[in-house]
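What follows is the residue order along each chain.
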Amino acid sequence: MDEKEVLTRFKNGQLDRTQVAALLTGAATGAGPVVLARPELRPHPAPAEPAGGPAVAGPVADPVVEPAAPPVAPPVAGPVAVVGMAGRYPGAPDLAAFWRQACGGYDSASTPPAGRPGDERGHYLERVQDFDPEFFGIDAHEAALMDPQERLFLETAWEALEDAGCTGGRLDALTAADGTPRSVGVFTGAGPGDYALLASRTWRRERPRPMPRGGQWSLPNRLSALLGLTGPSQSVDTAESSVLVALHLAVAALRRGECAAALVGGARLLLHPSSRHPGAGEGVGALLLKPLARALADGDGIHCLVRGSAVGHTAPDPTAPGPGRGSRSAGARAAAARAAGTPLAGAVPDGVSGRVSREALRVAGVGGVDGLVREEAGAVRALVGDAGVATGVAVLTRAVLQLGHRVLAPGAGHARARPWENEEHGPRRISVGVRGAGGADAEVVLEEYLPHAAEPQASAGPELFLLSAPTPAHLAATARRFAGMLGGAGPVPPLGRLARALRTGRAAMDCRFAAVVADTGELARVLEEFVRDGAPCADLRGGGADPLGLGAVPETDGYLAALWQAGHLHQLRGLWLSGLDVDWAVLEPVGAGSEPVSLPASAFLRVPLWLGGEEGPA
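The text that follows walks through the structure, step by step, so that each part is easy to find. All residue numbers here refer to positions counted from 1 along the written sequence of the relevant chain. Reporting of local features is limited, given that this is a predicted model, to residues whose pLDDT is at least 70; pairs of side-chain atoms are given and counted only at 80 or more, and all residues count toward the totals for whole chains, interfaces and linings. For side-chain calculations, the full set of non-hydrogen atoms in the structure is used, while hydrogens and water are omitted.

## Concerning the packing of helix 3 (residues 95–104) against helix 15 (residues 389–405)
The line we're drawing: Angles shown run from 0 to 180 degrees and are taken between the N-to-C directions of axes, each axis being a line fitted to C-alpha atoms and, for helices, limited to the stretch in contact. Here a helix means four or more residues in a row that DSSP labels H or I, a strand means two or more in a row labelled E, and each is numbered from the N terminus. In these notes the angle categories are as follows: under 35 degrees is roughly parallel, over 145 is roughly antiparallel, 65 to 115 is roughly perpendicular, and the rest is oblique. Here, two residues are considered to be in contact whenever any of their heavy atoms come within 4.5 Å of each other. Each residue is assigned to one of three groups, with Ala, Val, Leu, Ile, Met, Phe, Trp, Tyr, Cys and Pro labelled nonpolar, Asp, Glu, Lys and Arg labelled charged, and all others, Gly among them, labelled polar.
In the contact formed by helix 3 and helix 15, the axes pass within 11 Å of each other and the chain directions differ by 85°. It follows from the interaxial angle that helix 3 and helix 15 lie roughly perpendicular. Contact residues: helix 3 offers Leu 95, Phe 98, Trp 99 and Ala 102, while helix 15 offers Ala 394, Thr 397, Arg 398, Leu 401, Gln 402 and His 405. Split by residue class, the contact of helix 3 with helix 15 holds six nonpolar, three polar and one charged.

Spelled out as C-alpha cells, the structure:
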C-alpha cells in the first residue's frame, strides 16, 4: 500500500502508530512487505466530513511514533513465602523474647513506664523516644520531628530485611520487569498521630515552630525513600485488621508482578493521654514476603508460606438504619448467604465472619478445617493488650513462630505450650483472622514450609567472615552481639552458613571488619579481641575507597571469581576492606530455600529524640 493509504487507515483507526511507522519506513527503504497484526487499541472514530463533501488533502504531517510500552511482569502463581521478620513488643525487645513470652503465658500488663503521665495499666514499650538517626543518615533535628511510630518501624523493617539477608546486593537484584532495581513494595498500618497532637500543644502563632507530619502515609513512604525502594508504598487503616489487610494487598501486588518482594508491617504507640485506656497496648512488627519460586531461586531461608487470604466487612451493628437495609430483597439475600455455608468450628465473638474465613480457605486450597489451627486477636491479648494496628502483626508473628518451632503456644483448650503433633503427615497450617473495630475482616492462611531433604554441607575449610556498620562504634557494638551469640548457651549455626549469610545478605557499609577463620571457636576469639582491644577497622567515611579503581574495570569481576575459585580468601579480604564492592551472591552459588539462619541484627546506638529537645516519655 502507498503512503496515502497508510495514513488513511491510521486516521480511520485501522492501524496503530507502531504499524504506521513500520509501513512508512518500509516504503521509504524499499523493504519487503510488512505483516500486520490487529491493533490492540480501541479504534478511534473517523472524523466527520464537512457538509460540502470531503476536504481537499493538504500537506500531511509525519506521524508521531510513541515509545514502546514498558515490559509488563507476567502474573505470579503459587504460594508466597515469608523470608524475614522482626518485631518489638511489651517486655520483648526481639522475637526470641516474644516467643519465650508466648510459650510461657506471659502477661505484659503494667503501669506506664517512668516518665509517661497517667497510671492506666496497659502494655507498653520501653524507651520509645530513643532512635539511631546516624545509622539511617538522618539529621538529628529532622529525626526529632519524626513520629516515634515511624522511627520504630524504620528500625524494625531494617531488621526484617537483615533477617531475610536482603540489605546488600540481593536487595539491588530484586528488579522489576523493566529492570528497575529494588522493586520492593511497602504495605503498612499505623496508629493514630499522637505525636502531632503533642506537638500542637506547644505551637504558638507568635512563635511558630516546625511540626511533625501527621499523615499515616509517611510510615511506608519514608522507608521507601530512604532505601530507594521502587514498589508500591501505601498505608492501610482498618484498625486491628490493618496489617492483615496490608498483607492481602501485598500478596495481590506480588501476584500481579508490581513488585518482586513486599514488606508488610505496622506500629502503634500510646503517646497522647487520649489514646490510653485500661488494657491498651503497643507494638511494632514487620515481615518480608517473596513469591516462593523467587525465594527458592535466591536460596532464602523460609519461615512459612502464605497460602491464601481474604478480606470483607461485617457491620458491627446489623440493625443500624441505612438506605435500603430494611428491604425484603436485602433480607432474603442475607438469609440465603447465611444458609449457603456452615460457620467454621471454633469461631469466637471477636473473630472474622464465616464468609471471609471460607473464602481464605478456598483461595488456599484447603478443603476443610480438620487439623487447622485458628488464631484470633484474643491469642495475643495478654502479650500486647488491645494494641490496635499492632494486634494484627502480633497475632501474625505468633502464628509464624508456632509453625517454625512446631510448637503450639498456650491458647483455647490448653494452658501450656505443647509440641505440635501432626497426625495428617502433611504441612501444618494456621488460619489467622482479625476483625477491625469498624468491622473490616481479614483472614490469612499460613502453612509450614517443608524443604526437600538435602545433604548437609559442612564447611570444607576456612571461611571469610565480614561485618560492616556506618561508624566504628556501631561496628564494635555489632561485633559484641556476634561474640555474645558464639559464646552463649543458645544454638550456633555452622560457620559456613553463618559466614555466607553475612557475605551475601548484609549491606557493605563504610566501617568494615573481616577475618579468615577455621571454626566458630576461632571466630569467637577474634571478635572478643576486636571488641576488647578496640583494634582499628577499615574506615572509609573520609573517602579513599577502592584506591586502585578496580571497581571501574570490567576485568575485575573475572579476577574476583578466580580468587574465589582458588580459595584466596586473604586477598579477597584485603580488597573488600579497601572498599572494593564485591557481589558475593554472584561468586557463591545459591542453593534451594532452607530453614532461616538466625543471626544477630546490626546494633543501633539509640539516643533520646523528642519535641524541642525534651527527654520525652520513657
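## Points about the sheet that holds strand 15 (residues 538–539)
Stated formally: Paired strands, in this sense, are two strands between which DSSP finds at least two bridges.
The antiparallel open sheet is built from three strands, whose spatial order is 13-14-15. In this open sheet, the two strands that pair with only one neighbour each are strand 13 (463–469) and strand 15. Pairing analysis gives seven bridges linking strand 13 to strand 14 (residues 511–517), with the strands arranged antiparallel. In the sheet register, Ala 469 faces strand 14, and the bridge partner there is Cys 511. Relative to strand 13, helix 16 (residues 472–487) is tilted by about 135°, and along the sheet it contacts strand 13, strand 14 and strand 15.

## Overview of the nonpolar core
So the rule is basically this: Buried Ala, Val, Leu, Ile, Met, Phe, Trp, Tyr and Cys residues that are joined via side-chain atoms within 4.5 Å together make up what is termed a nonpolar core. Exposure is judged per residue with a 1.4 Å probe applied to protein chains only, and the accessible area is read against the type maximum: over 50% gives exposed, under 20% gives buried, and values in between give partly exposed.
Ranked by size, the top nonpolar core spans 53 residues in total, and within it Phe 136, Phe 153, Trp 158, Leu 223 and Leu 288 carry the most contacts. The contacts of Leu 223, once residues within four sequence positions are left out, are Phe 153, Leu 154, Ala 157, Val 186, Leu 229 and Leu 263. Core analysis: the second largest hydrophobic core is formed by 52 residues, Ala 92, Val 243, Ala 394 and Val 395 among them.

## Topic: helix 20 (residues 569–577)
Turning to helix 20, its buried residues are Leu 569, Leu 572, Leu 575, Trp 576 and Leu 577. Tucked into the core, helix 20 has its buried residues touching strand 13, strand 14, strand 15, helix 19 (556–565) and helix 21 (584–587). Positioned one or two residues after helix 20, Gly 579 has a phi angle of 105°, which is positive.

## Quick notes on the environment of Asn 221
Stated formally: Polar contact is the term for a pair of N or O atoms within 3.5 Å; when the atoms are in protein, one must be able to donate a hydrogen and the other to accept it, and sequence-neighboring residues count only if both atoms are side-chain atoms.
Within the secondary structure, Asn 221 sits in helix 9 (residues 218–227). Taking relative accessible area as the criterion, Asn 221 reaches 28% and is therefore assigned partly exposed. Put simply, Asn 221 and Thr 188 are 33 residues apart on the chain and 9.8 Å apart in space, counted from C-alpha to C-alpha. Here Ser 233 takes part through its side chain, which lies 2.9 Å from a polar atom of the side chain of Asn 221.

## Overview of the packing of helix 10 (residues 242–255) against helix 15
Running from N to C, helix 10 and helix 15 point in directions that differ by 65°, and their axes come no closer than 6 Å. What the angle tells us is that helix 10 and helix 15 run roughly perpendicular. Contacts between helix 10 and helix 15 involve Ser 242, Val 243, Leu 244 and Leu 247 on the former and, on the latter, Val 389, Gly 392, Val 393 and Leu 396. Tallied by class, residues from the contact of helix 10 with helix 15 come to six nonpolar, two polar and no charged.

## Here we look at the pattern of salt bridges
Which entries qualify depends on this criterion: By convention in these notes, a salt bridge is any Lys or Arg side-chain nitrogen within 4 Å of a carboxyl oxygen on Asp or Glu.
Using the criterion set out here, one finds 27 salt bridges in the structure. For Asp 300, the salt bridge goes to Lys 290, with nearest N and O atoms at 2.8 Å. Within this pair, whereas Asp 300 is found in the loop between helix 11 (292–297) and strand 7 (304–313), its partner Lys 290 is found in strand 6 (residues 283–291), the two being separated by 10 residues in sequence. We classify Lys 290 as buried; its relative accessible area is 2%. A salt bridge links Glu 463 to Arg 503; its shortest N-O distance comes to 3.1 Å. In this pair, Glu 463 sits in strand 13 while Arg 503 sits in helix 17 (residues 495–505), placing the two residues 40 residues apart along the sequence. Considered together, Glu 463 and Arg 503 belong to a single accessibility category, that of buried residues.

## Considerations on the pairing of strand 11 (residues 429–435)
Along strand 11, five of the seven residues are buried, which leaves the element largely enclosed by surrounding structure. Alignment of strand 8 (residues 373–375) against strand 11, held across three bridges, turns out to be parallel. Counted as the bridge partner of Glu 375 is Val 432 from strand 11. Bridging between strand 11 and strand 12 (residues 440–447) involves seven bridges; their strand directions are antiparallel.

The values reported here are purely geometric and, on their own, carry no functional implication.
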